[in-house]
Amino acid sequence: MANIRSEFDTLVHALAPELFRYAMGLCHNPHTAEDLVQETFLRGWRSRTDLRDGKAAKAWLYTILRNEHARLYERQRPEACDPTVLPDIPDRGYDTSAEAFVLRRALAKLQADYRDPLLLQVIGGFSCREIGDILELNTNTVLTRLFRARKALRDLLTGDLPQEASL
Amino acid sequence: MNCLEFRRRLLTDPLSGDEDLLAHEATCAACAPFAQDLRAREIRMRSLLQNVVPPPGLAERVSLAARFEQRAERRRQWWYSAAAAVLLTVGVSMVSLFSTSIERTNVALAQSVINHIEDEASHLRAAHPVPTARVNWVFKRFGAELAADIGPVHFAAECLMRKRNGVHLVMPGKMGPVTVFFMPGEMTDTAMPITSARFNGQIVPTDWGSIAVVGEAGETVDGLGERLAAAVRWPASTQAGVSVPVGGNLLAASRLTQQKNG
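The rules behind each value
Throughout this description, residue numbers start from 1 for each chain and increase along the sequence as written. Here chains are named by letter from A upward and ligands by number from 1 upward, in the order in which they appear as written. Owing to the predicted nature of the model, reporting of local features is limited to residues with pLDDT of at least 70; listing and counting of side-chain atom pairs is limited to 80 or more, with chain, interface and lining totals taken over all residues. Values shown for side chains rest on all heavy atoms present in the structure; no hydrogens or waters enter the calculation. Only DSSP runs of H or I covering at least 4 residues are called helices, and only runs of E covering at least 2 are called strands; the numbering of each starts at the N terminus. By definition, residues are in contact when any of their heavy atoms lie within 4.5 Å. To form a nonpolar core, buried Ala, Val, Leu, Ile, Met, Phe, Trp, Tyr and Cys residues must be joined to one another through side-chain atoms within 4.5 Å. Only protein chains enter the area calculation, which uses a 1.4 Å probe; residues under 20% of their type maximum are buried, those over 50% are exposed, and those in between are partly exposed. For patch building, the residue pool is restricted to those with more than 30% relative accessible area and no salt bridge; the joining distance is 9 Å between like charges and 5 Å between nonpolar side chains (Val, Leu, Ile, Met, Phe, Trp, Tyr). Here the open area of atoms and residues is found with the Shrake-Rupley method and a 1.4 Å probe, where only the protein chains shown may cover a residue. Criterion for a salt bridge: a side-chain nitrogen of Lys or Arg within 4 Å of a carboxyl oxygen of Asp or Glu. As a per-residue measure, pLDDT tells how confident the predictor is, with possible values from 0 to 100. By definition, the buried area sums, over both parts, the 1.4 Å-probe accessible area that each loses when the two are put together. Counted as a polar contact is a pair of N or O atoms within 3.5 Å, where, for protein atoms, one must be capable of donating a hydrogen and the other of accepting one, and residues adjacent in sequence contribute only when both atoms are in side chains. Three categories are distinguished: nonpolar for Ala, Val, Leu, Ile, Met, Phe, Trp, Tyr, Cys and Pro, charged for Asp, Glu, Lys and Arg, and polar for the others, with Gly belonging to the last.

**Some points on the environment of R67 of chain B**
And then number 1: As for its placement among the helices and strands, R67 of chain B is situated in helix α4 (residues 58–119).
And then number 2: Discounting residues that sit within four places of it in the chain, R67 of chain B has contacts with R5 and D9 of chain A.

**Some thoughts on the nonpolar core**
And then number 1: One finds V37, F41 and L118 of chain A to be the most contacted residues of the largest nonpolar core, which totals 53 residues.
And then number 2: With twelve residues, the top contributor of residues to this core is helix α1 (residues 2–27) of chain A.
And then number 3: Apart from residues no more than four positions distant in its own chain, V37 of chain A is found in contact with A16, L19, F20, A23 and L65 of chain A together with L58 and V62 of chain B.
And then number 4: One finds A148, A156, L169 and W234 of chain B within the second-largest nonpolar core, a separate group that totals 26 residues.

**As for a nonpolar patch on the surface**
And then number 1: Taken together, the side chains of V86, V90, M94 and L97 of chain B present a nonpolar region at the surface, about 400 Å² in accessible area.
And then number 2: Note on placement: V90 of chain B falls in helix α4.

**Some remarks on the confidence of the model for chain B**
Residue and element names in this part refer to chain B.
And then number 1: Residue-level pLDDT values for chain B average 83, and 89% of them are 70 or greater.
And then number 2: Element-level pLDDT for chain B is lowest in helix α7 (residues 250–261), with a mean of 42, against a maximum mean of 94 in strand β4 (residues 177–184).
And then number 3: Predicted complex metrics record ipTM = 0.76 and pTM = 0.54.

**Re the interface of chain B and chain A**
And then number 1: Counting residues at the interface gives 37 residues for chain B, matched by 46 residues for chain A.
And then number 2: Carbon and sulfur atoms make up 62% of the area that chain B and chain A hide from each other, which totals about 3800 Å².
And then number 3: Summed over the shared surface of chain B and chain A, the result is four salt bridges.
And then number 4: Among the ionic pairs, D9 of chain A bridges to R67 of chain B, the shortest N-O distance being 3.2 Å.
And then number 5: Here chain B and chain A share twelve residue pairs in polar contact (both at pLDDT 80 or more) between them.
And then number 6: Contributing elements (two or more residues each) for the side of chain B that touches chain A: α1 (3–12), α3 (31–50) and α4 of chain B.
And then number 7: Looking at the side of chain B that touches chain A element by element, the count peaks at 13 residues for α4 of chain B.
And then number 8: Here the side of chain B that touches chain A is composed, by residue class, of 18 nonpolar, five polar and 14 charged.

Laid out in structure tokens, this is it:
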């Protein structure tokens, strides 16, 4: 039991920061993000026997967090997903510049289908195949969604209308 | 690779070091600025998303929450164990109480038979056989009838047993009078001995109740109860799914018939 406990603590220290970033990318609220991370690890602890494989554990925890966020969203907590509300946290931990604000707003405007693979790639560092496993999509669909996510983001940030032909 | 393909692939991962992409970028004047702009935006986006600093002590709080969860699990396990132990104890106690209750009931039935005989000891002194018609009349009061000769009977009457009325017979035995009680409704699982300073006998289970056969000390009553059960047809309304002969002792009935015939 002590060994499992130690492995779990190691996992928490290694993955809590990036899971928090992923949660922030989803909900834009540090308090909600911390709650999501807490709940994710607690669920992980309850199923700790499945956490022995470190690499699989990371993908699994991301999946749990994503599902937890979806459940939270279903319970309709608007403060959990409003990117225009600036969080009450120190500047060093959250970029409050106008550029960052615009980018966050653009990310929030992305369809969840496009935003999810993008966040998993950028924050989690997952490959397209791993993203496909987490989102239960095939790799080609992941590639398409990543392409469309960046295309839409680019259009939102430049104010252009989405025009596939010009890319 | 044409420009469209290049831009499509670059948009899926702008920081990819794919050689084909780099080669196209190096030779295409139109795509090179597109790629540079896309990479700059990507770096800015990654910087923004990855430089979010988690609140201080986040990992420690998560670990602490897991420890609380672990303690709660242990408490739950303890309660489950305790509940299981309580249930087991209650179960064992119930079985024990049930067994004791049955045992007490059996002892009480045997004692009531002894008491009944002693209270009506005058019937033991009856020395003359009563007519078979009288015996039949008593059984008919219960809807029962004799299916075979049961031998001489010195006393026959309807009597109040412990719960309800039954048939009280006194028959001659080797050591003295033998009392027989037909007790409808007095259900027992197995044959039970009846012993006292003066009497010796047993209670035999039947489908409709039980039969007590009690003689003086030293009297052999083995098999008598079964033979009497087989010799009397008890009404279906007081039986548990068995018609005739009463007691379900077909073997004994067959034996009795064979003895009678030959």
